[in-house]
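So you can see what is in the structure, the chains are spelled out below.
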Amino acid sequence: LLGSWLCLGILLGPLLSPVLALTEFLSGFCFLGECCESPYNSTALQEDLGNKLFGQHLAHDVIFRAITGFMNNKNPSKPLTLSLHGWSGSGKNFVSKIIAENIHKKGMKSEYVHLFVSTMHFPHDNLINLYKDQIQSWIRGNVSSCPRSIFIFDEMDKLHIGLIDTIKPFLDYYEQIDGVSYRKAIFIFLSNAGGELINRVVLESTKMREDLKQQDLESALSVELFNNKDCGFWHSSLIDKNLIDFFVPFLPLEYRHVKSSAS
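To start, this report covers the structure provided alongside it. Computed from a prediction, not measured in an experiment: that's the story for all the values here. (Residues numbered from 1 in each chain as written. Predicted model: local features only at pLDDT ≥ 70, side-chain atom pairs only at ≥ 80, totals over all residues. Heavy atoms only, no water.)

### Examining the overall build of the protein
Inference 1: Along its length, the protein carries 11 helices and five strands.
Inference 2: Scored against the burial criterion, the 263 residues of the protein give a buried share of 44%.
Inference 3: Taking the contacts inside the protein whose residues are at least 6 apart along the sequence as the reference set, 76% of them involve residues at least 24 apart.
Inference 4: Summed over its atoms, the accessible surface of the protein is roughly 14200 Å², and 57% of this surface lies on carbon and sulfur atoms. (Helix = DSSP H or I, 4+ residues; strand = E, 2+ residues; numbered from the N terminus. Buried < 20%, exposed > 50% of the residue type's maximum accessible area, 1.4 Å probe, protein only. Contact = heavy atoms within 4.5 Å. Areas by Shrake-Rupley, 256 points an atom, 1.4 Å probe, with all protein chains shown as cover.)

### Things to note about the layout of surface pockets
Any space left empty among the atoms is revealed by the rolling of a water-sized probe across them.
Inference 1: Its volume calculated, the second largest pocket comes out at about 200 Å³.
Inference 2: What lines the second largest pocket is Glu-37, Ser-38, Pro-39, Tyr-40, Met-71, Asn-72, Asn-73, Lys-74, Arg-148 and Lys-184.
Inference 3: Its residues placed into classes, the lining of the second largest pocket shows three nonpolar, three polar and four charged. (1 Å grid on protein atoms, 1.4 Å probe; cavity = no way out; pocket = protein on both sides within 12 Å on 5 of 7 lines; lining within 4 Å. Points joined across faces, edges and corners; volume = space filled by probe spheres on them. Nonpolar A, V, L, I, M, F, W, Y, C, P; charged D, E, K, R; others polar.)

### A closer look at empty space enclosed by the protein
Inference 1: Applying the stated criterion to the full structure yields one cavity of 30 Å³ or more.
Inference 2: Along the walls of the largest cavity sit Pro-79, Pro-169, Phe-170, Asp-172, Tyr-174, Ile-177, Tyr-182 and Arg-183, which together make up its complete lining.
Inference 3: The class makeup of the residues in the lining of the largest cavity is six nonpolar, no polar and two charged.

### So, the pattern of salt bridges
Inference 1: If you walk through the whole model with that rule in mind, you get eight salt bridges.
Inference 2: Lys-78 is paired through a salt bridge with Asp-245; the nearest N and O atoms lie 3.1 Å apart. With a gap of 167 residues between them, Lys-78 in the loop between helix H3 (57-71) and strand E1 (80-85) and Asp-245 in the loop between helix H10 (237-240) and strand E5 (246-249) connect regions that are remote in the sequence.
Inference 3: Between Lys-97 and Glu-101 there is a salt bridge; the shortest N-O distance is 2.7 Å. Residue Lys-97 and its partner Glu-101 are located together in helix H4 (residues 92-103), separated by four residues, close to a single helical turn. (Salt bridge = Lys/Arg side-chain N within 4 Å of Asp/Glu carboxyl O.)

### So, the packing of H3 against H4
Inference 1: Look at H3 against H4: their axes get within 12 Å of each other, and the N-to-C directions meet at 25°. The orientation of H3 with respect to H4, classified from their angle, is roughly parallel. Both H3 and H4 take part in a crossing whose hand is right-handed. Every residue of H4 that contacts H3 at Ile-63, Ile-67 and Met-71 is listed here: Val-95, Ile-99 and Ile-103.
Inference 2: Tallied by class, the residues present in the contact of H3 with H4 amount to six nonpolar, no polar and no charged. (Axes fitted to C-alpha atoms, helices over the stretch in contact; angles between N-to-C directions. Parallel < 35°, antiparallel > 145°, perpendicular 65-115°, else oblique. Left-handed = near helix turned anticlockwise from the far one by under 90°.)

### Looking at the sheet that holds strand E4 (residues 186-191)
In a beta sheet, neighbouring strands pair by backbone hydrogen bonds and run either parallel or antiparallel.
Inference 1: With parallel pairing, the five strands of this open sheet are ordered in space as E2-E3-E4-E1-E5. Of all the strands in the sheet, the pair left with one neighbour each is strand E2 (113-117) and E5. Strand-to-strand twist across the sheet, computed as the mean angle between neighbouring axes with direction ignored, equals 15°.
Inference 2: Packed onto the sheet, helix H6 (residues 128-145) meets E2, strand E3 (150-154) and E4 and runs at close to 155° relative to E3. (Pairing = 2+ DSSP bridges.)

### Topic: the environment of Lys-52
Inference 1: Summarising the element assignment, Lys-52 is placed in helix H2 (residues 42-52).
Inference 2: The exposure class assigned to Lys-52 is partly exposed, which follows from its relative accessible area of 36%.

Okay, structure coming up:
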(Lines give C-alpha, C1' and ligand atoms only; values in the text may rest on other atoms or scores of the structure.)
Protein backbone atom coordinates (compact mmCIF):
# COMPACT_ATOMS: atom_id res chain seq x y z
CA LEU A 1 0.00 0.00 0.00
CA LEU A 2 2.84 2.37 0.89
CA GLY A 3 4.50 1.55 -2.45
CA SER A 4 1.30 2.39 -4.30
CA TRP A 5 1.09 5.80 -2.59
CA LEU A 6 4.72 6.52 -3.43
CA CYS A 7 4.11 5.63 -7.09
CA LEU A 8 1.03 7.86 -7.12
CA GLY A 9 3.06 10.69 -5.65
CA ILE A 10 5.70 10.33 -8.33
CA LEU A 11 3.07 10.38 -11.06
CA LEU A 12 1.21 13.39 -9.65
CA GLY A 13 4.33 15.28 -8.58
CA PRO A 14 4.56 17.47 -11.69
CA LEU A 15 0.88 18.36 -11.30
CA LEU A 16 1.06 19.05 -7.58
CA SER A 17 4.17 21.23 -7.53
CA PRO A 18 2.50 24.29 -9.12
CA VAL A 19 -0.39 23.93 -6.66
CA LEU A 20 1.99 23.74 -3.70
CA ALA A 21 3.94 26.74 -5.00
CA LEU A 22 0.74 28.75 -5.34
CA THR A 23 -0.35 27.74 -1.83
CA GLU A 24 2.99 28.87 -0.42
CA PHE A 25 2.74 32.18 -2.28
CA LEU A 26 -0.80 32.85 -1.06
CA SER A 27 0.10 32.01 2.54
CA GLY A 28 1.44 35.54 2.93
CA PHE A 29 -1.94 37.01 2.05
CA CYS A 30 -5.07 36.24 4.04
CA PHE A 31 -8.45 36.56 2.40
CA LEU A 32 -10.39 35.15 5.35
CA GLY A 33 -9.64 36.14 8.90
CA GLU A 34 -6.28 37.65 9.82
CA CYS A 35 -2.74 36.74 8.95
CA CYS A 36 0.55 37.48 10.66
CA GLU A 37 2.39 38.84 7.61
CA SER A 38 0.30 41.36 5.68
CA PRO A 39 1.63 43.68 2.96
CA TYR A 40 2.83 46.97 4.45
CA ASN A 41 1.69 50.26 2.90
CA SER A 42 3.94 53.19 3.84
CA THR A 43 1.62 55.66 2.11
CA ALA A 44 -1.26 54.63 4.36
CA LEU A 45 0.84 55.18 7.50
CA GLN A 46 2.01 58.57 6.21
CA GLU A 47 -1.58 59.62 5.55
CA ASP A 48 -2.81 58.41 8.94
CA LEU A 49 -0.09 60.30 10.79
CA GLY A 50 -0.63 63.41 8.68
CA ASN A 51 -4.42 63.43 8.96
CA LYS A 52 -4.87 62.26 12.56
CA LEU A 53 -1.84 63.36 14.59
CA PHE A 54 -1.65 67.09 15.34
CA GLY A 55 1.14 69.14 16.90
CA GLN A 56 3.68 66.31 16.95
CA HIS A 57 5.99 66.83 14.00
CA LEU A 58 8.87 65.03 15.75
CA ALA A 59 6.78 61.94 16.53
CA HIS A 60 5.34 61.98 13.01
CA ASP A 61 8.76 61.98 11.36
CA VAL A 62 10.46 59.49 13.69
CA ILE A 63 7.57 57.01 13.74
CA PHE A 64 7.17 57.05 9.96
CA ARG A 65 10.89 56.56 9.28
CA ALA A 66 11.29 53.89 11.96
CA ILE A 67 8.26 51.78 11.02
CA THR A 68 8.77 52.08 7.26
CA GLY A 69 12.47 51.25 7.42
CA PHE A 70 11.84 48.29 9.69
CA MET A 71 8.90 46.86 7.74
CA ASN A 72 10.77 47.15 4.44
CA ASN A 73 13.80 45.34 5.84
CA LYS A 74 13.38 41.63 5.10
CA ASN A 75 16.15 40.67 7.50
CA PRO A 76 16.35 43.11 10.45
CA SER A 77 19.22 42.60 12.87
CA LYS A 78 17.02 43.12 15.96
CA PRO A 79 13.41 43.88 16.90
CA LEU A 80 12.24 47.48 16.53
CA THR A 81 12.00 49.13 19.94
CA LEU A 82 10.31 52.51 20.37
CA SER A 83 9.93 54.47 23.61
CA LEU A 84 7.24 57.19 23.51
CA HIS A 85 7.37 59.96 26.12
CA GLY A 86 5.28 62.98 27.07
CA TRP A 87 2.45 64.19 29.23
CA SER A 88 -0.92 62.44 29.27
CA GLY A 89 -3.12 63.41 26.33
CA SER A 90 -0.24 64.25 23.99
CA GLY A 91 -0.92 61.31 21.66
CA LYS A 92 1.25 58.36 22.74
CA ASN A 93 -1.55 55.80 22.96
CA PHE A 94 -3.11 57.20 19.81
CA VAL A 95 0.12 56.71 17.85
CA SER A 96 0.55 53.14 19.10
CA LYS A 97 -3.00 52.49 17.84
CA ILE A 98 -2.09 53.94 14.41
CA ILE A 99 1.01 51.74 14.25
CA ALA A 100 -0.98 48.62 15.12
CA GLU A 101 -3.66 49.40 12.51
CA ASN A 102 -1.07 49.85 9.78
CA ILE A 103 0.66 46.54 10.49
CA HIS A 104 -2.26 44.29 11.44
CA LYS A 105 -5.70 44.54 9.89
CA LYS A 106 -7.59 44.43 13.20
CA GLY A 107 -5.34 46.95 14.91
CA MET A 108 -5.50 46.85 18.71
CA LYS A 109 -8.04 44.02 18.49
CA SER A 110 -5.61 41.84 16.56
CA GLU A 111 -4.48 38.59 18.13
CA TYR A 112 -0.96 39.68 17.18
CA VAL A 113 -1.04 42.97 19.15
CA HIS A 114 -0.50 42.67 22.90
CA LEU A 115 -1.04 45.48 25.42
CA PHE A 116 0.37 45.41 28.94
CA VAL A 117 -0.71 48.11 31.43
CA SER A 118 1.57 48.31 34.45
CA THR A 119 -1.03 49.03 37.11
CA MET A 120 -3.39 46.38 35.74
CA HIS A 121 -1.08 43.50 34.81
CA PHE A 122 1.79 43.99 37.28
CA PRO A 123 0.28 45.60 40.40
CA HIS A 124 2.05 43.77 43.26
CA ASP A 125 5.64 44.34 44.44
CA ASN A 126 5.94 40.87 45.92
CA LEU A 127 5.13 39.11 42.63
CA ILE A 128 7.90 40.55 40.45
CA ASN A 129 9.57 37.17 39.83
CA LEU A 130 6.24 35.70 38.75
CA TYR A 131 5.64 38.67 36.44
CA LYS A 132 9.07 38.18 34.87
CA ASP A 133 8.29 34.55 34.06
CA GLN A 134 4.85 35.47 32.72
CA ILE A 135 6.22 38.23 30.45
CA GLN A 136 8.92 36.00 29.00
CA SER A 137 6.50 33.12 28.42
CA TRP A 138 3.92 35.40 26.81
CA ILE A 139 6.43 36.99 24.44
CA ARG A 140 8.05 33.66 23.55
CA GLY A 141 4.73 31.98 22.85
CA ASN A 142 3.30 34.78 20.74
CA VAL A 143 6.40 35.42 18.65
CA SER A 144 6.63 31.67 18.01
CA SER A 145 3.17 31.81 16.40
CA CYS A 146 3.65 35.21 14.73
CA PRO A 147 7.12 36.74 14.23
CA ARG A 148 5.47 40.10 13.41
CA SER A 149 3.93 40.43 16.88
CA ILE A 150 3.59 43.86 18.52
CA PHE A 151 4.02 44.30 22.29
CA ILE A 152 2.93 47.58 23.92
CA PHE A 153 3.92 48.36 27.52
CA ASP A 154 1.85 51.26 28.88
CA GLU A 155 2.53 53.25 32.07
CA MET A 156 6.25 52.54 32.06
CA ASP A 157 6.64 55.27 34.68
CA LYS A 158 4.62 53.07 37.07
CA LEU A 159 6.39 49.78 36.29
CA HIS A 160 8.38 48.08 39.06
CA ILE A 161 12.10 48.85 38.84
CA GLY A 162 14.00 46.08 37.06
CA LEU A 163 10.94 44.31 35.68
CA ILE A 164 11.36 45.50 32.10
CA ASP A 165 14.95 44.20 31.99
CA THR A 166 13.52 40.69 31.83
CA ILE A 167 12.82 41.22 28.11
CA LYS A 168 16.40 42.33 27.29
CA PRO A 169 17.33 39.06 25.51
CA PHE A 170 14.36 39.48 23.16
CA LEU A 171 15.47 42.99 22.15
CA ASP A 172 19.10 42.14 21.55
CA TYR A 173 20.95 41.22 18.34
CA TYR A 174 20.53 37.45 18.69
CA GLU A 175 19.66 35.52 15.56
CA GLN A 176 17.60 33.08 17.62
CA ILE A 177 16.89 32.22 21.24
CA ASP A 178 15.96 28.58 21.81
CA GLY A 179 15.04 28.26 18.14
CA VAL A 180 12.86 31.39 18.03
CA SER A 181 13.79 34.58 16.16
CA TYR A 182 12.46 37.84 17.63
CA ARG A 183 13.92 40.12 14.97
CA LYS A 184 10.62 40.94 13.25
CA ALA A 185 8.76 41.84 16.45
CA ILE A 186 7.99 45.40 17.55
CA PHE A 187 8.14 46.63 21.15
CA ILE A 188 6.58 49.98 22.12
CA PHE A 189 6.95 51.59 25.55
CA LEU A 190 4.62 54.41 26.64
CA SER A 191 5.49 56.67 29.54
CA ASN A 192 4.74 60.04 31.11
CA ALA A 193 8.33 60.02 32.40
CA GLY A 194 10.39 62.67 30.68
CA GLY A 195 7.33 64.84 30.11
CA GLU A 196 8.60 67.65 32.32
CA LEU A 197 11.96 67.66 30.53
CA ILE A 198 10.27 67.79 27.13
CA ASN A 199 8.02 70.65 28.21
CA ARG A 200 10.98 72.57 29.67
CA VAL A 201 13.01 72.22 26.47
CA VAL A 202 10.07 73.42 24.39
CA LEU A 203 9.36 76.42 26.64
CA GLU A 204 13.00 77.48 27.06
CA SER A 205 14.12 76.93 23.48
CA THR A 206 14.83 79.96 21.30
CA LYS A 207 13.63 77.96 18.29
CA MET A 208 10.13 77.94 16.94
CA ARG A 209 8.24 74.82 18.01
CA GLU A 210 8.18 73.43 14.45
CA ASP A 211 11.97 73.96 14.14
CA LEU A 212 12.82 71.64 17.04
CA LYS A 213 14.73 68.53 15.96
CA GLN A 214 14.88 65.02 17.39
CA GLN A 215 18.49 65.59 18.48
CA ASP A 216 17.37 68.56 20.61
CA LEU A 217 15.63 66.12 22.95
CA GLU A 218 16.64 62.49 22.44
CA SER A 219 19.98 62.36 24.31
CA ALA A 220 18.73 64.38 27.26
CA LEU A 221 15.59 62.24 27.38
CA SER A 222 17.48 58.93 27.58
CA VAL A 223 19.73 60.27 30.36
CA GLU A 224 16.71 61.58 32.27
CA LEU A 225 14.97 58.20 32.11
CA PHE A 226 18.07 56.21 33.08
CA ASN A 227 18.55 58.33 36.22
CA ASN A 228 14.89 58.65 37.22
CA LYS A 229 14.26 56.44 40.28
CA ASP A 230 10.51 56.83 39.83
CA CYS A 231 10.55 55.28 36.36
CA GLY A 232 10.63 51.67 35.15
CA PHE A 233 13.70 52.57 33.07
CA TRP A 234 15.84 53.48 36.11
CA HIS A 235 19.33 52.06 35.44
CA SER A 236 17.74 49.78 32.85
CA SER A 237 20.01 47.60 30.72
CA LEU A 238 17.75 48.43 27.76
CA ILE A 239 19.10 51.99 27.85
CA ASP A 240 22.61 51.07 29.02
CA LYS A 241 23.03 48.61 26.12
CA ASN A 242 21.41 50.94 23.55
CA LEU A 243 18.62 48.47 22.78
CA ILE A 244 15.94 51.16 22.47
CA ASP A 245 16.11 52.34 18.88
CA PHE A 246 14.23 55.62 19.26
CA PHE A 247 13.17 57.78 22.19
CA VAL A 248 10.20 59.65 20.75
CA PRO A 249 9.26 62.94 22.46
CA PHE A 250 5.64 64.12 22.40
CA LEU A 251 5.50 67.89 22.77
CA PRO A 252 2.92 69.69 24.94
CA LEU A 253 -0.13 70.47 22.83
CA GLU A 254 -1.33 74.00 22.18
CA TYR A 255 -4.96 75.02 21.92
CA ARG A 256 -4.82 75.05 18.11
CA HIS A 257 -3.69 71.42 18.10
CA VAL A 258 -6.43 70.30 20.48
CA LYS A 259 -8.99 72.18 18.38
CA SER A 260 -7.74 70.52 15.18
CA SER A 261 -7.87 67.03 16.67
CA ALA A 262 -11.43 67.60 17.90
CA SER A 263 -12.72 68.81 14.52
